[in-house]
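Architecture and fold: a report
Listed below are the residues making up each chain.
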Amino acid sequence: MEETKISMYQLYKDMLTSYLANKSEHALYHAQQFSKEMMEKDMSPEETVSLHLSVFQELAEDLPEEVVDSFDILLEVMIGYGLAYREHQSLRDRQQQLESELTVAARMQKSLLPHGEISLDSVDLGVISVPAGKMSGDYYDYALDEHGNIGVAVADVIGKGVPAAMSMSMIKYAMDTLPEQRTQPGALLENLNRVVERNIDSDMFITMMYGFYDPNNHYFHYASAGHEPGFVYDAVKDEFRNLEAKGLVLGVSPKVRYFPDQLHLDAGDFIVLLSDGVTECRVDGEFIEREQLVDMIRKYKHLTAQEIVDEIFQELEKAQEFQLRDDFTLLILRRKV
Amino acid sequence: MQVQTHVDIHSEWGIVAARQAGRKLAREIGFGSVDQARITTAISELARNIYLYANKGQIQIEEVTSSGKRGVKIIAVDEGPGIKDLRRVMEDGFTTSGGLGAGLPGVKRLMDDFNIDSELDAGTSITAIKWLR
Amino acid sequence: MNLDINVTETDKGHVAFISGEVDVYTASKLKETLNPLAEKPNSDLVVDLSDVNYIDSTGLGIFIGVLKSTEKTNSTLKLKGLNERVKRLFEITGLNEVIDIEVDEREEA
């Protein structure tokens, strides 16, 4: 520390001498570089002022008393700046700590979502889910049961970030306790609703759509808890329809009934589930219309399900200048044969 | 014989008097101008806290020695409302965001040793020491 | 984003006229205004949304919170003046089944 001080003193002295001698821009540039070094060495503004005065006193003998005294005022003022600077550093450290905590939490959250690939002869499945921040309030799931049924879900917790993420994990845990209801979309949502209603803030709620595809009779059974409607693509007619079902969002009332619906899928038909982060994308300040989304899906429909969702995400992300406003989840399930 | 000064704080005049006493002692012990300014800033902040939140209290300033080192010790005592959540007032960005100056974390940074005791409805006592290097 | 809330007293409660966007930025203001009104026992709260063109999910959450408050205090909540976009949001979420929503007179005519 003492050594640094002495070498800093010498450096500063050389710099100031050179500048006073020829007023060169070069010396000023040197000073700018020097300031970075001072900050690296944790030198405070008040120490810098004091350094300047002591060097100056050595270089210019017999400084007028007023000049020397005026530095008392400058020093006093600089103490405040020094404190603010230190506080800033400490807050920056804390921010880094919080960031790394969030990174760990985000990794944990990712492990709650399925990531194994499902490759089946019966269906082609693709999903993308990207949080607006580090953690996501969107939930999705896909799972295969012993009869070959493929269950798919997309849920959306209102809000985003950590509070939404905590509620999202509640859905995951509750789903895990209800394996036998994976082929009963209505009963599944009724059970989830009871869990959510008991454990969520009064002005929060979750929307969810759950369905499963039975490859034996080619029916898709589904129910919705106030969730953003999805789409069904009819390959024969080359037409998109809304996929919706009536039902209250989860968490409002303890006793809610959900009535499942069903539809037949022909080969090539597919189901699209999404979170409102997809439809709340703003392009040129305007929300994208559902028709625009349909046009995009149509444009990529010759690709695999995973390629379609990836392409759409990339296109929308780019259109919004890579700033997601809300968590984004898009899932496609297509009947292959 | 060690020097000890008591200054009652019930107006801004008291704050200035406490600063004066602190600077005088710091100079006598041999602190440089930067540390003198730091010690007086710490005294200011502690005295202002008393003035703003407790109305009345006292600043004591004395010389301390420990294993051959000399230093200045500031003790700020008040019988004010006390501090409910010490952890929060010691957090960066808590008091300063309200425009209240350096706050207690600032005092802690300006000095070498720092200790705070507070009891609700009874008062607060803060001790801070700066050692001469 | 701004949100204006104008509250007038009626015989048995209050009417809150809202104008602006109810979103994540303005939701807390709405909550602070509506909740105390909803917590008054045995009163009617009418929220006029004629001048609201957009509500996001956080905003919907506020109405759910207010609804729950009125249920506890034996009061009522009624919404009126919803535009097509807002009405559609209440339909998708199924909230039109649990919140009393007054049908626009213009539509009936």
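Before reading further, recall that the structure is shown in the block above.
Residues numbered from 1 in each chain as written. Chains lettered and ligands numbered in written order. Predicted model: local features only at pLDDT ≥ 70, side-chain atom pairs only at ≥ 80, totals over all residues.

Quick notes on the overall build of chain A
Threshold: Helix and strand assignments follow DSSP, with helices taken as H or I runs no shorter than four residues and strands as E runs no shorter than two, numbered in order from the N terminus. Between the two quantities, the radius of gyration covers C-alpha atoms and the globule rule is 2.2 Å times the number of residues to the power 0.38. Partly exposed residues are those falling between the two cut-offs: more than 12 but fewer than 20 other C-beta atoms within 10 Å of their own, whereas 20 or more means buried and 12 or fewer means exposed, with C-beta atoms placed from the backbone. Contact between residues is assigned whenever the C-beta positions, reconstructed from backbone atoms, fall within 7 Å.
Within chain A, the secondary structure is distributed over nine helices and 12 strands. Relative to its length of 337 residues, chain A is extended, with a C-alpha radius of gyration of 31 Å against a globular reference of 20 Å. Each of the three principal axes of chain A carries a C-alpha extent, and together these read 100 × 45 × 35 Å. Across the 337 residues of chain A, 34% fall into the buried class. Relative to all contacts within chain A whose residues are 6 or more apart in sequence, the contacts with residues 24 or more apart total 70%.

Describing the pairing of strand 2 (residues 13-22) of chain C
Residue and element names in this part refer to chain C. Under the convention used in this document: Two strands qualify as a pair provided DSSP detects at least 2 bridges between them. Looking down the strands as they point away from the viewer, one classifies a crossover as right-handed if the path from the first strand across the helix to the second runs clockwise.
Relative to strand 2, strand 1 (residues 3-10) runs antiparallel, the two being bridged by eight bridges. Each bridged residue has a counterpart across the sheet, and for N6 the counterpart in strand 2 is F17. Counting the residues that bridge the hairpin from strand 1 to strand 2 gives two residues. Direction of pairing for strand 2 relative to strand 3 (residues 44-55): parallel, over a ladder of nine bridges. Looking at strand 3, one finds that S19 is bridged to D51. With respect to chirality, the unit in which strand 2 leads through helix 1 (residues 27-38) into the neighbouring parallel strand 3 is right-handed.

Let's talk about the interface of chain C and chain A
How big an interface is tends to be stated in terms of the accessible area lost upon association of its parts. Convention followed: Gly falls in the polar group here, along with every residue not listed as nonpolar (Ala, Val, Leu, Ile, Met, Phe, Trp, Tyr, Cys, Pro) or charged (Asp, Glu, Lys, Arg).
The partner chain A presents 17 residues to the 14 residues of chain C that form the contact. The biggest single contributor to the side of chain C that touches chain A is helix 2 (residues 57-72) of chain C, with seven residues. Of the residues that constitute the side of chain C that touches chain A, the class distribution is five nonpolar, six polar and three charged.

Some words on unusual backbone geometry
Of note in the backbone geometry, D42 of chain A takes a positive phi value of approximately 65 degrees without being a glycine. On the secondary structure map, D42 of chain A appears in the loop between helix 2 (25-40) and helix 3 (45-59). For N55 of chain B, which is not a glycine, the phi torsion comes out positive at approximately 65 degrees. With respect to the helices, strands and loops of the structure, N55 of chain B is situated in the loop between helix 2 (33-54) and strand 2 (57-66). Residue class for N55 of chain B comes out partly exposed when judged on the 13 C-beta atoms lying within 10 Å of it.

Some remarks on the nonpolar core
How we decide: Defined on buried residues, the nonpolar core groups Ala, Val, Leu, Ile, Met, Phe, Trp, Tyr and Cys residues joined through C-beta atoms within 7 Å.
Ranked by internal contacts, the top residues of the largest apolar core, which has 95 residues, are I206, M208, L331 and L333 of chain A. Setting aside its immediate chain neighbours within four residues, L333 of chain A contacts V123, L125, I150, V152, Y213, F270, I271 and A305 of chain A. Counting 27 residues, the second-largest nonpolar core is a separate cluster that includes I15, A21, I29 and I39 of chain B.

Considerations on the interface of chain B and chain A
Across the boundary between the two partners, chain B contributes 12 residues, which contact 12 residues of chain A. Contributions of two or more residues to the side of chain B that touches chain A are made by helix 2 and helix 4 (103-110) of chain B. Sorting elements by how many residues they give to the side of chain B that touches chain A places helix 2 of chain B first, with five residues. Its residues assigned to classes, the side of chain B that touches chain A comprises four nonpolar, five polar and three charged.

Some remarks on the sheet that holds strand 1 (residues 4-9) of chain B
In a beta sheet, neighbouring strands pair by backbone hydrogen bonds and run either parallel or antiparallel. Residue and element names in this part refer to chain B. This is how it is decided: Convention adopted: a line fitted to C-alpha atoms gives each axis, helices being fitted over their contacting stretch, and angles between N-to-C directions are expressed from 0 to 180 degrees.
As summarised here, the arrangement of the five strands in space is 1-2-3-5-4, forming an open sheet in which the pairing is antiparallel. On the outer flanks of this sheet lie strand 1 and strand 4 (113-119), each paired with one strand and no other. Neighbouring strand axes in the sheet, compared pairwise and without regard to direction, differ in orientation by 15 degrees on average. Relative to strand 5 (residues 123-131), strand 4 runs antiparallel, the two being bridged by seven bridges. Looking at the pairing, D113 lines up with I129 of strand 5.

Quick look at the environment of L95 of chain C
Structurally, L95 of chain C is set in the loop between helix 3 (84-92) and strand 5 (100-101). Each C-alpha atom, one on L95 of chain C and one on I64 of chain C, is 8.3 Å from the other, the two residues being 31 residues apart in sequence. With sequence-adjacent residues up to four places away left out, L95 of chain C is seen in contact with L248 and V249 of chain A together with L60 and F90 of chain C.

Considering the packing of helix 8 (residues 290-300) of chain A against helix 9 (residues 305-319) of chain A
Residue and element names in this part refer to chain A. Worth spelling out the cut-off: Each angle gets one of four labels, with under 35 degrees taken as roughly parallel, over 145 as roughly antiparallel, 65 to 115 as roughly perpendicular, and the rest as oblique. Two helices crossing with the near one rotated counterclockwise from the far one by less than a right angle form a left-handed crossing, whereas a clockwise rotation gives a right-handed crossing.
Orientation of helix 8 relative to helix 9, taken along the N-to-C sense of each, is 130 degrees, at an axis distance of 9 Å. It follows that helix 8 is oblique to helix 9 by the angle criterion. The handedness of the crossing between helix 8 and helix 9 is right-handed. Here M296, I297 and Y300 of helix 8 lie close against helix 9, whose contacting residues are E307, I308, E311, I312 and E315. Split by residue class, the contact of helix 8 with helix 9 holds five nonpolar, no polar and three charged.

Focus on the pairing of strand 4 (residues 206-214) of chain A
Residue and element names in this part refer to chain A. Burial runs high along strand 4: eight of the nine residues are buried. The sheet contact formed by strand 3 (residues 150-157) and strand 4 spans eight bridges and is antiparallel. Bridged to A153 within strand 4 is Y210. Inspection of the sheet shows strand 4 paired to strand 5 (residues 219-225) by seven bridges, in the antiparallel sense.

Some words on helix 3 of chain A
Each turn of an α-helix holds 3.6 residues, which means side chains three or four residues apart point in the same direction. Using the following cut-off: Take the residue count of a helix, subtract one, and multiply by 1.5 Å to get its expected span.
For helix 3 of chain A, which comprises 15 residues, the first-to-last C-alpha distance of 21 Å matches the rise-based estimate of 21 Å (1.5 Å per residue) to within 8%. When helix 3 of chain A is considered as a whole, its buried residues turn out to be P45, E46, E47, V49, S50, L51, L53 and V55 of chain A.

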